[in-house]
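# Fold and geometry: a report
Residues per chain, in single letters:
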Amino acid sequence: MKLPLLEVNQIKKYFPITGGILGRKVGEVKAVDRVSFAVYKGETLGLVGESGCGKSTIGRLLLRLQEATDGEIRFEDKDIQALSPKLLKKIRKEMQLVFQDPYASLNPRHKVEKILEEPLIVHGIKDKKERRERIMNMLETVGLDRYHAERYPHQFSGGQRQRIGIARALMTNPKLIIADEPVSALDVSIQSQVLNLLKDLQAEFDLTYIFIAHDLGVVRHISDRVGVMYLGRMVELTDSERLYEEPLHPYTKSLLSSVPVPDPDDQSDSEVLTGEIPSASNPPKGCAFHTRCKECMDVCKTSRPTFQEISPGHHVACHLYGDA
Amino acid sequence: MDKQQDILHVQGLRTSFFTDNGIVPAVDHIDFTIHKGEVLGIVGESGCGKSVTSLSIMGLLPQAGRIVDGEILFQGESLTKATEKRMRSIRGNEIAMIFQEPMTSLNPLFKIGNQLTEAIHTHQSCSKEKARKRSVEMLELVGLPRAEQLLNDYPHQLSGGMRQRVMIAMSMICEPQLLIADEPTTALDVTIQKQILQLMKELNKKLHTSIMMITHDLGVVAEVCDRVVVMYAGKIVEEAPVRTIFKHALHPYTKGLLASVPDIRSKKDRLQSIPGNVPKPGSIDKGCRFAERCEHAMERCFTEDPPLYKAEENQQVRCFLYDTEAKEESHETTTP
Ligand SMILES: Nc1ncnc2c1ncn2[C@@H]1O[C@H](COP(=O)(O)OP(=O)(O)O)[C@@H](O)[C@H]1O
Ligand SMILES: Nc1ncnc2c1ncn2[C@@H]1O[C@H](COP(=O)(O)OP(=O)(O)O)[C@@H](O)[C@H]1O
Ligand code: SF4
Ligand code: SF4
Ligand SMILES: [Mg+2]
Ligand SMILES: [Mg+2]
């Protein structure tokens, strides 16, 4: 039976835009606008969408690195926004972030050993010997060597640094890993090494992943289910296979057909999405995609389509489907 | 069609950086040709020498970099021997270049219109009004809406995709023979990337501009290129028409690269990968640069430099596996 590890209901994050000499609020950026989804134990949920659609903000809201403007986030059935600081610290141990740029997120002045030791100290592992033991094991788990503990981040290649980033995230035995563009900065031959490693670790430690990326090919290979975002909203969410083979939402369709395919005999010039992504501070009324949608109807310009399950396990927000 | 014309010949080009930590052979004896009207792809992973190759052609190498050997012939004229004055006239006029980040070539302090007319006046003398008209024409050619008003905008008022279009407009103003595009869509979202790639293909067809397309993305190569050069650690390891590269790649590195790409059309449970790391230039001074990571490596791969072997009519590959079939036709001799 599928159990949700994490449930997100109608979360919102609006950033105020201030202006004038008084710094008054003159508007807001609707970075995340009423998004709902669940993540099941042991699965990988991919989150895709073009830059600025709100993927990273969702990651930060889940960890409460930023506070949601509205909505509910439940981790193992606990409302994380209602937690006391002490309980929050405990839950943070179970959810960890892996970043795109491991270099920016690793302290350049610390040796790898110290970088990996820090989360253990924060979470109260007092025995120095135990900490060292766990660090050494972890280095081997992520495909590095024990002697790497003595080195500094700049002494590693990009792929190795991402292995350190992953090792750090795993130090506290988390249940959920939120990986925000973890392979986007890597060369393709190295990218696949890291993707394979993430898969192996998932099996070994029973991990659940939220995998955020803009590369739709990468996401297909790692994800069980995929959610597509546009301008702060989730527009489609379903099994990876179904999403890539039978996408329903017009935006998903154009997004998929924009991806360059590594085959000169399989080039189609159809369905080029025209225009630019509108601003999140002034999203179009009704369906946020209506300004670029070839199927746009009158209703789309005024009424926002509900995100609903139109067949088992297939959620879409579009007036073409269901009774939106 | 007439006999194929060549726009650019790069012959035995070697470009090195002279740093405090020694000499870095970033581009290590490469040869290639770009034909008139063709789109040549240069692919390879970061640090393999793609940008240094293009900067060598443009005469825009940074301080520490120098062409130490070889020749670059543009329509028969030597660019390595050209004066700085001549190079300035060639740049923009006959060879144009666009970069990953358009802001490296757009001045944030000047309006788009000023920058376009300035580009026109650098290379042609014409009236203000004419330059303005030409600017509008170019913006329309690259598919920018409300071109008239755009002339009064500053670069920061535009989105990344629009800025890249302005860059392309600016580079095409003098209808250059050759456009060098260094990762022109890497910083863009896929839907915008698609638009820019289509635009470049259109310009290539309409104006017969040859394009040297530098990219690390094999999808982009398949979409726009006619022929492909694959680089690894400063050397060309394979060269072939685009179909051949995707259907019958020969070099173990090219094959590994193709197998590593997570293709959006199907799901593989495990992606193939190439073990190890991309070597820094100069870190391997003997034998095949790929030997450490190659599953076919033989003894001689670690001691001898493989030459480029001619495998098929239009295909060359730098790998000893193709020695027996192509020994007679090999292009260069093995350097001991
Ligand atoms: N701290 C912030 N203040 C104001 N706006 C922000 C902030 N963080 C993100 N945004 C805006 O929120 C939107 C979503 O951003 P983000 O979550 O980073 O998108 P993604 O990760 O999908 O590229 C963007 O329009 C971005 O400019
Ligand atoms: N300014 C520089 N100083 C020293 N070495 C450089 C410099 N620029 C480039 N290099 C060296 O040249 C190699 C090739 O760089 P480049 O052509 O930029 O690679 P890419 O294929 O990613 O475009 C790099 O690996 C680097 O070692
Ligand atoms: S709701 Fe209307 S505008 Fe939005 S995606 Fe569906 S058809 Fe297009
Ligand atoms: S020359 Fe040897 S090491 Fe190099 S690619 Fe060929 S088989 Fe592999
Ligand atoms: Mg992001
Ligand atoms: Mg480069």
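Residues numbered from 1 in each chain as written. Chains lettered and ligands numbered in written order. Predicted model: local features only at pLDDT ≥ 70, side-chain atom pairs only at ≥ 80, totals over all residues. Heavy atoms only, no water.

With an unreviewed UniProt entry as reference, chain B is termed Peptide ABC transporter ATP-binding protein, source organism Pontibacillus chungwhensis BH030062. Here is the UniProt Subcellular location (unreviewed entry) comment for chain B, exactly as written: "Cell membrane". Entered under Sequence similarities (unreviewed entry) in the UniProt record, the comment concerning chain B runs "Belongs to the ABC transporter superfamily." (UniProt positions renumbered as here; feature names shortened; annotations may be inferred.)

Within an unreviewed UniProt entry, the label attached to chain A reads Peptide ABC transporter ATPase, and the organism entered is Pontibacillus chungwhensis BH030062. As stated in UniProt under Sequence similarities (unreviewed entry), the record for chain A gives "Belongs to the ABC transporter superfamily."

Another aspect to go through is the overall build of chain B. Scanning chain B for helices and strands turns up 11 helices and 12 strands. The C-alpha radius of gyration computed for chain B amounts to 21 Å, which stays within 12% of the reference 20 Å derived for 336 residues, consistent with globular compactness. Structurally, chain B occupies a C-alpha span of about 70 × 50 × 50 Å along its principal axes. Relative to its 336 residues, chain B shows a buried fraction of 54%. Within chain B, contacts between residues separated by at least 24 positions form 62% of all contacts whose residues are at least 6 apart in sequence. With the model as given, the accessible surface of chain B reaches about 15,400 Å², and the carbon-plus-sulfur share is 50%. In chain B, the 40 positive side-chain charges and the 44 negative ones have mean positions that sit 5 Å from each other. (Helix = DSSP H or I, 4+ residues; strand = E, 2+ residues; numbered from the N terminus. Rg over C-alpha atoms; globule rule 2.2 N^0.38 Å. Buried < 20%, exposed > 50% of the residue type's maximum accessible area, 1.4 Å probe, protein only. Contact = heavy atoms within 4.5 Å. Areas by Shrake-Rupley, 256 points an atom, 1.4 Å probe, with all protein chains shown as cover. Lys, Arg positive; Asp, Glu negative; His and termini not counted. Charge placed at Lys NZ, Arg CZ, Asp CG, Glu CD.)

What follows covers the UniProt feature "domain: ABC transporter" (unreviewed entry) in chain B. Sites flagged by UniProt as "domain: ABC transporter" (unreviewed entry) map to residues 8-258 of chain B. From the first C-alpha to the last, residues 8-258 of chain B spans 28 Å; its make-up is 39% helix and 28% strand.

Now for the nonpolar core. Counting residues in hydrophobic clusters, the biggest one holds 70 residues, and the most contacted among them are L139, I168, M200, M213 and Y253 of chain B. A total of 7 residues in this core trace back to one element, the largest contributor, which is helix 6 (residues 160-172) of chain B. Among all residues touching Y253 of chain B, those that are not within four sequence positions of it are G44, E45, V230, M231, Y232, V237, I274 and F290 of chain B. Counting 62 residues, the second-largest nonpolar core is a separate cluster that includes L120, L139, L144 and F156 of chain A. (Core = buried A, V, L, I, M, F, W, Y, C linked by side-chain atoms within 4.5 Å.)

So, about the site of ligand 1. Residue and element names in this part refer to chain A. Neighbouring ligand 1 are 13 residues; G52, G54, K55, S56 and T57 lie closest to it. Contact distances for ligand 1 include 2.7 Å between an oxygen atom and a backbone N or O atom of G52. For ligand 1, an oxygen atom lies 3.3 Å from a polar atom in the backbone of C53. About the coverage of ligand 1: the protein hides 63% of its 560 Å² of free accessible area. Sort the elements by how many residues they give to the shell around ligand 1 and helix 1 (residues 55-62) lands first, with 4 residues. Considered class by class, the residues forming the shell around ligand 1 number 5 nonpolar, 5 polar and 3 charged. (Near = heavy atom within 4 Å. Polar contact = N/O pair within 3.5 Å; in protein donor to acceptor, adjacent residues only side chain to side chain. Nonpolar A, V, L, I, M, F, W, Y, C, P; charged D, E, K, R; others polar.)

What follows is about the interface of chain A and chain B. Reports often express the size of an interface as the amount of accessible area lost when the parts come together. If you look at the interface, chain A gives 45 residues, while chain B gives 46 residues. On the surface where chain A and chain B come into contact, there are 6 salt bridges. Seen at the junction of chain A and chain B, the total is 25 residue pairs in polar contact (both at pLDDT 80 or more). Those elements that place two or more of their residues in the side of chain A that touches chain B are helix 7 (188-205), helix 8 (216-222), helix 9 (240-245) and helix 10 (250-258) of chain A. Broken down by element, the residue count for the side of chain A that touches chain B peaks at 10 residues, all from helix 7 of chain A. Across the side of chain A that touches chain B, the residue classes break down as 16 nonpolar, 17 polar and 12 charged. (Salt bridge = Lys/Arg side-chain N within 4 Å of Asp/Glu carboxyl O.)

A word on the site of ligand 3. Close contacts around ligand 3 come from H249, P250, C287, F289, H290, C293, E295, C300, P305, C318, H319 and L320 of chain A, and that covers them all. Classifying every residue of the shell around ligand 3 gives 8 nonpolar, 3 polar and 1 charged.

Next up on the list: the domain arrangement of chain A. All names here are of chain A. By domain assignment, chain A separates into domain 1 (6-94 + 176-264) and domain 2 (106-171). The C-alpha centroid of domain 2 is placed 26 Å from the C-alpha centroid of domain 1. With 14 residues of domain 1 at the interface, the matching set in domain 2 holds 11 residues. Summing both sides of the interface, domain 1 and domain 2 together bury roughly 1,000 Å²; the carbon and sulfur share of this comes to 76%. Along the contact surface separating domain 1 from domain 2 lie 3 residue pairs in polar contact (both at pLDDT 80 or more). Listing elements by their share of the side of domain 1 that touches domain 2, those giving two or more residues are helix 2 (85-94) and helix 7. Ranked by residue count, the leading element in the side of domain 1 that touches domain 2 is helix 7, at 8 residues. (Domains from an automatic or database assignment. Buried area = accessible area lost by both parts, 1.4 Å probe.)

All names here are of chain A. For strand 8 (residues 208-212), the buried fraction is high: 5 of the 5 residues fall into the buried class. By the alternation rule, side chains of strand 8 split into T208, I210 and I212 and Y209 and F211, which are all buried. Across 4 bridges, the pairing between strand 3 (residues 44-48) and strand 8 is parallel. In the strand pairing of strand 8, T44 is matched with Y209. (Pairing = 2+ DSSP bridges.)

Residues and elements named next belong to chain B. For helix 1 (residues 50-58), the tally of buried residues reaches 8 of 9 residues, placing the bulk of the element in the interior. For helix 1, the complete set of buried residues consists of K50, V52, T53, S54, L55, S56, I57 and M58. G59 occupies a position one or two residues after helix 1 and carries a positive phi of about 70°.

Below, the discussion takes up the state of the cysteines. All names here are of chain B. According to the stated counting rule, one finds 0 disulfides over all chains in the structure shown. In this structure C225 is a free cysteine whose sulfur lies 14 Å from that of C48, the closest cysteine sulfur available. Here C225 falls in the buried class, since its relative accessible area comes to 5%. (Disulfide = S-S within 2.5 Å.)

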